[in-house]
2 protein chains.
Amino acid sequence: MLDKKTVAVFGLGSMGCGMAASVRKAGHLTYGFDTDAARVVQFHASDAPDLDAVAGDIDVAVVVVLNAAQVAAVLFGDAGVAPRMKPGAVVMVCATVPPDFARDMAGRCAACGLHYLDAPISGGAAKAASGDLSIMAAGDPAAFAAAQPVLDATAATVFSLGDDAGAGSAMKAVNQLLAGVHIAAMAEAVTFAMTQGISPDQFLQVIPQCAGTSWMLENRAPHIASGDYAPRSQVNIWPKDLGIVLDIAKGAGFNAPITTVALDQYKAAVDMGLGPQDDAAVAKVYARQAAITLPGEKE
Amino acid sequence: MLDKKTVAVFGLGSMGCGMAASVRKAGHLTYGFDTDAARVVQFHASDAPDLDAVAGDIDVAVVVVLNAAQVAAVLFGDAGVAPRMKPGAVVMVCATVPPDFARDMAGRCAACGLHYLDAPISGGAAKAASGDLSIMAAGDPAAFAAAQPVLDATAATVFSLGDDAGAGSAMKAVNQLLAGVHIAAMAEAVTFAMTQGISPDQFLQVIPQCAGTSWMLENRAPHIASGDYAPRSQVNIWPKDLGIVLDIAKGAGFNAPITTVALDQYKAAVDMGLGPQDDAAVAKVYARQAAITLPGEKE
């Protein structure tokens, strides 16, 4: 029988909205909060819930916002929820943040009597909506136990990365390093191929069956081949996430030259006004440099 | 029934030796040639065949040497085989070479009355030995037809990339761009992870199931985790192959900044004396910079 919990999801973007729906579908009392009131109304199909009234009831607070500053504001800002939650409740932070920040938040939550699960997510909006995310989680056993109903409702795979908050965020940074580099490398390869008379369609017929393939290549290169840059995941994600990677690397005295160059390509894409487009649009940086016409663009 | 052909394989390194064995196993009369006489003796289990005596009998000449200069020497050097082959025979070049070079060789072979198949290979020594290579092939229909017995014996997948020599080499360059970048990015990510307390084993438990994975990552990262740098494919391959990519790119006025930086990492590995090691050893460039001790290394 379901142990019915009270869950609050902070951040109702594409990931948070899908996670909140999955939690609700699993039978938990689910509140959604967002700075965009329209999203809150849409999720509840009614007026927004009153955080002041429900904060003390929350068993699991799931934070699915854009960055560390927003996490800090949700938890410990002027109307921060953490100090108002009941002892023994758990804060589960799914945003991509620096490991040191996760450790800091865990300590501040502990001071409020709260458990903390460092729980970055991977998988995209579709898997958020279907409850099939991968979650890279770290926290003490009590944090895992307290968050379990939400993990069950939202994740196909939970990687348990140890007792210490920060380990989940570190693994997420490693994954983002690779994912961001692979998208940019795919863009470099597709456009290079076009200079040699190989179309994106021919590229897709061959490379996914060869040693040069990657998960991101197979997921994103079709967007270029079809000229479809409707954002599944925006270019804007990458200056943020690769910036986090390089900040962490710098703190460790680690040079990451390939990541650095990939970041430059995303920054160039943002400078071209492509930030809100699908991240496969980083190919347009290469196309402009080499005067290539991508599929779907005007000759 | 087998149409028994006379096949000569030039270059008996790990790829050529495997291909020659696969051709022989398919029932064709197979000669092997190499500048290293010991390899020839080993393949034939006897004295080397006399190229002068057999050149006129060859139906398919398969060239599996290291680079364009060696291809040119085999075909048109002082003892070059092409001018001595019979009209209607086919030259199948499997080395990674620039597309312009492939077009030049095709033209010179045509002048000798020979067909030319531009046929770079992918898959590694194990697949060469088992006859399961991927071959990125371009040439006119007569070239494909003449080479078919060797394609049947050596390849699991043949990509037919059109009538014009050069298209196979172009696709191979695209694949090498990606493969070389992905190995170096994997090395960057594994060592970055280590600075954050994530071991290569933990990395391998998580990343292959996430969006950051690549074919090369899954193939090469285990070499780092086990500290095993016995060469399946050498670091030395990459300055050559990424150099070809960048030469082609330069000729097309195309900037490939990620490839350029990956090449720098392989050059640094060669400068450290790692050229003959497995290409996963590019991780040692990162480890030295950041004072990380990789698995299997002395503390």
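The present account deals with the structure reproduced in this document. Treat the numbers as computed from the prediction; the structure is a model and nothing was measured.

1. Thoughts on the environment of B:A153
All names here are of chain B.
Phase 1 of the analysis: As for its placement among the helices and strands, A153 is situated in helix α7 (residues 141–154).
Phase 2 of the analysis: By C-beta crowding, A153 is classed as buried, having 24 other C-beta atoms within 10 Å.
Phase 3 of the analysis: Placed 130 residues apart in sequence, A153 and V23 show a C-alpha to C-alpha distance of 5.3 Å.
Phase 4 of the analysis: What A153 contacts, discounting residues up to four positions off in sequence, is S22, V23, A26 and G131.

2. Notes on the relation of the copies chain A and chain B
For the pair of chain copies, the relating operation is a rotation around an axis with a shift along it.
Phase 1 of the analysis: With an RMSD of 0.0 Å, the operation that places chain A on chain B is a rotation of 180° combined with a shift of 0.0 Å along the axis. Seen this way, the second copy is the image of the first under a two-fold rotation axis. Closest to the rotation axis within chain A is the C-alpha of A:S214, separated from it by 1.9 Å.

3. Notes on the nonpolar core
Phase 1 of the analysis: Formed by 232 residues in total, the largest nonpolar core has its most connected members in A:V63, A:M92, B:V63 and B:M92.
Phase 2 of the analysis: Every residue in contact with B:V63, bar those within four places of it in the chain, is listed here: B:F10, B:G11, B:V71, B:V74, B:L75, B:V91, B:M92, B:V93, B:C94 and B:A95.

4. Considering the sheet that holds strand β4 (residues 90–93) of chain A
Strand pairing in a sheet relies on backbone hydrogen bonds, with the paired strands running either antiparallel or parallel.
Residues and elements named next belong to chain A.
Phase 1 of the analysis: Taken in spatial order, the five strands line up as β2-β1-β3-β4-β5 in an open sheet, and their pairing is parallel. In the strand order of this sheet, the two ends are held by β2 (29–33) and β5 (115–118), each with one partner. Averaged over neighbouring strand pairs, the angle between their axes works out to 15° when direction is ignored.
Phase 2 of the analysis: Alignment of β4 against β5, held across four bridges, turns out to be parallel. When the bridges of β5 are listed, V90 appears paired with H115.
Phase 3 of the analysis: Lying on the sheet, helix α5 (residues 99–111) is in contact with β4 and β5; it crosses β5 at an angle near 165°.
Phase 4 of the analysis: Against the sheet, helix α7 (residues 141–154) makes contact with β1 (6–10), β3 (60–63), β4 and β5, and its axis sits at roughly 70° relative to β5, the strand it touches most.

5. Things to note about the interface of chain A and chain B
Interface size is commonly expressed as the accessible area that is lost once the parts come together.
Phase 1 of the analysis: Taken together, the contacts link 51 residues of chain A with 51 residues of chain B.
Phase 2 of the analysis: Within the residue set of the side of chain A that touches chain B, elements represented by two or more residues are β7 (133–137), β8 (155–160), α8 (167–195), α9 (200–206), α10 (215–225), α11 (237–251), α12 (257–271) and α13 (283–290) of chain A.
Phase 3 of the analysis: Ranked by the residues each element gives to the side of chain A that touches chain B, the list is headed by α8(A), at 17 residues.
Phase 4 of the analysis: Across the side of chain A that touches chain B, the residue classes tally to 34 nonpolar, 16 polar and one charged.

Cut-offs used in this document
Residues numbered from 1 in each chain as written. Chains lettered and ligands numbered in written order. Predicted model: local features only at pLDDT ≥ 70, side-chain atom pairs only at ≥ 80, totals over all residues. Helix = DSSP H or I, 4+ residues; strand = E, 2+ residues; numbered from the N terminus. Buried ≥ 20, exposed ≤ 12 C-beta atoms within 10 Å, placed from the backbone. Contact = placed C-beta atoms within 7 Å. Least-squares fit on C-alpha atoms with pLDDT ≥ 70 in both. Core = buried A, V, L, I, M, F, W, Y, C linked by C-beta atoms within 7 Å. Pairing = 2+ DSSP bridges. Axes fitted to C-alpha atoms, helices over the stretch in contact; angles between N-to-C directions. Nonpolar A, V, L, I, M, F, W, Y, C, P; charged D, E, K, R; others polar.

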